[in-house]
Amino acid sequence: MGAAYFYHLTDTPLERTLPMLLGKCRAAGWRVAVRGRDQGLLQRLDATLWSDGFLPHGMAGGAHDADQPVLLGTDIPAEGFQCVMSVGGAEVTSAEVGLSDRVCILFDGFDEGALNHARGQWKTLTAEGCQAQYWAQEDGRWTKKAES
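This section reports on the structure supplied with the text. Not measured: the values here are computed from a predicted model.

## Regarding the environment of P69
Argument step 1. Tracing the chain through its elements places P69 in the loop between strand 3 (58-59) and strand 4 (70-73).
Argument step 2. Placed 26 residues apart in sequence, P69 and Q43 show a C-alpha to C-alpha distance of 17 Å.
Argument step 3. Every residue in contact with P69, bar those within four places of it in the chain, is listed here: R26, W30, R31, V32 and P56.

What follows is the structure in structure tokens.
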């Protein structure tokens, strides 16, 4: 069974944090699904991944989805991915945590709605038996603050 890692973004925006985490996942040989609720956000992330250091990836719905090392979309199932990354408040279930090596939930630390949503996800996933870690930024560095 995998674990859910919660990333509380305060020092570094999503557009810089996501490529860093994706690079680590790819270095581990993992295939990654990036799941969002807003197509506009996913399109901005798509452009960022192409322009900032070129990370091979694709948007879900293409002819080669099964071949993509990183796939961005709104309705991507966890099957076939070692890591699922939730951005923009996308839902992740405890079953998906169990299917993956890791689930990463990235949320904006300055958005009260995003904070409350992430708290709810933590409570739900841990109540359903998932292991979880909470990571926060301090002076530009990631620090593990809590673990269940």
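We are not done yet, so read on.
## Section: the side chain of Q121
Argument step 1. On the secondary structure map, Q121 appears in helix 4 (residues 112-127).
Argument step 2. Non-local contacts of Q121, meaning those with residues more than four positions away in its chain, are made with F6, S86, A90, E91, V92 and I105.

## Digging into the pattern of salt bridges
Argument step 1. Enumeration over the complete set of coordinates arrives at four salt bridges.
Argument step 2. A salt bridge links E112 to R119, with the shortest nitrogen-to-oxygen separation between them at 3.9 Å.
Argument step 3. A salt bridge links K144 to E147, with the shortest nitrogen-to-oxygen separation between them at 3.0 Å.
Argument step 4. The exposure class of K144 is partly exposed, given its relative accessible area of 39%.
Argument step 5. Accessibility expressed as a relative area gives 52% for E147, which makes it exposed.

## Looking at the state of the cysteines
Argument step 1. Inspection of every chain in the model, using the stated rule, returns zero disulfides.
Argument step 2. There is no disulfide at C130, and the cysteine sulfur nearest it, in C104, is 14 Å away.
Argument step 3. With a relative accessible area of 3%, C130 lands in the buried category.

## Notes on the packing of helix 1 (residues 14-27) against helix 2 (residues 39-51)
Argument step 1. Close contact between helix 1 and helix 2 brings their axes to 10 Å; oriented N to C, the two are set at 60°. As the angle between them shows, helix 1 and helix 2 are arranged oblique. By crossing handedness, the relation of helix 1 to helix 2 is classed as right-handed. In contact with L14, E15, L18, P19 and L22 of helix 1, helix 2 contributes L41, L45, T48 and L49.
Argument step 2. Its residues assigned to classes, the contact of helix 1 with helix 2 shows seven nonpolar, one polar and one charged.

## A word on the pairing of strand 2 (residues 32-35)
Each regular strand displays side chains that alternate between the two surfaces of the sheet.
Argument step 1. Burial along strand 2 is two-sided: the face carrying V32 and V34 and the face carrying A33 and R35 are both buried.
Argument step 2. With four bridges connecting them, strand 2 and strand 4 associate as parallel partners. Paired with V32 across the two strands is V70, which belongs to strand 4.
Argument step 3. Summarising the sheet, strand 2 and strand 5 (residues 83-86) pair through four bridges and their orientation is parallel. Considered in strand 5, the bridge of R35 is made with S86.

## Remarks on the sheet that holds strand 3
Argument step 1. Read across the open sheet, the eight strands follow the order 3-4-2-5-6-1-7-8; overall the sheet is mixed. Two strands in the sheet have a free side with no partner beyond their single neighbour: strand 3 and strand 8 (141-147).
Argument step 2. Across seven bridges, strand 1 (residues 3-9) lies against strand 6 (residues 102-108) in parallel orientation. What sits directly across from F6, in strand 6, is I105.

Cut-offs applied
- Residues numbered from 1 in each chain as written.
- Predicted model: local features only at pLDDT ≥ 70, side-chain atom pairs only at ≥ 80, totals over all residues.
- Heavy atoms only, no water.
- Helix = DSSP H or I, 4+ residues; strand = E, 2+ residues; numbered from the N terminus.
- Contact = heavy atoms within 4.5 Å.
- Salt bridge = Lys/Arg side-chain N within 4 Å of Asp/Glu carboxyl O.
- Buried < 20%, exposed > 50% of the residue type's maximum accessible area, 1.4 Å probe, protein only.
- Disulfide = S-S within 2.5 Å.
- Axes fitted to C-alpha atoms, helices over the stretch in contact; angles between N-to-C directions.
- Parallel < 35°, antiparallel > 145°, perpendicular 65-115°, else oblique.
- Left-handed = near helix turned anticlockwise from the far one by under 90°.
- Nonpolar A, V, L, I, M, F, W, Y, C, P; charged D, E, K, R; others polar.
- Pairing = 2+ DSSP bridges.

Read these as layout, nothing more, since geometry by itself doesn't imply function.
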